[in-house]
Amino acid sequence: MSIPSDEYNLYLSAIKTANENADTDALRQMKMQIISKYGTDDSDAHYLLNQFKYNT
């Protein structure tokens, strides 16, 4: 299952903002959402998870 482009772009934007603000709570929540919804084998999800600047 691939992430729809509008949702992918929202996640990417939110991840960049959370990285800039060092908001590890928001990153943790997004990580759990992405993994529960798409898993870690999805290439789009894998790319998004690699964009995290902080370990959550």
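A.B. asks: Any details on the environment of L27? Residues and values, ideally.
C.D. replies: Mapping L27 onto the fold places it in helix α2 (residues 24-38). For L27, a relative accessible area of 0% translates into the label buried. Residues L27 and T17, spaced ten residues apart in sequence, show a C-alpha to C-alpha distance of 9.6 Å.

A.B. asks: Explain the side chain of N19 residue by residue, including any values.
C.D. replies: Structurally, N19 is set in helix α1 (residues 5-20). Overall, the relative accessible area of 10% leaves N19 in the buried class. Apart from residues lying up to four places away in sequence, N19 is in contact with L27, Q51, F52, K53 and Y54.

A.B. asks: Account for the packing of α2 against helix α3 (residues 43-50), naming residues and giving values.
C.D. replies: Describing two packed helices takes the angle between their axes plus the distance from one axis to the other. Between α2 and α3, the least distance of the axes is 10 Å, while the angle of their chain directions is 165°. The pairing of α2 with α3 is recorded here as roughly antiparallel in orientation. The element α2 and its partner α3 pack so that their crossing is left-handed. The segment α2 lies against α3, with K31, I34, I35 and Y38 engaging A45, L48 and L49. Classifying every residue of the contact of α2 with α3 gives six nonpolar, no polar and one charged.

About the thresholds
Residues numbered from 1 in each chain as written. Predicted model: local features only at pLDDT ≥ 70, side-chain atom pairs only at ≥ 80, totals over all residues. Heavy atoms only, no water. Helix = DSSP H or I, 4+ residues; strand = E, 2+ residues; numbered from the N terminus. Buried < 20%, exposed > 50% of the residue type's maximum accessible area, 1.4 Å probe, protein only. Contact = heavy atoms within 4.5 Å. Axes fitted to C-alpha atoms, helices over the stretch in contact; angles between N-to-C directions. Parallel < 35°, antiparallel > 145°, perpendicular 65-115°, else oblique. Left-handed = near helix turned anticlockwise from the far one by under 90°. Nonpolar A, V, L, I, M, F, W, Y, C, P; charged D, E, K, R; others polar.

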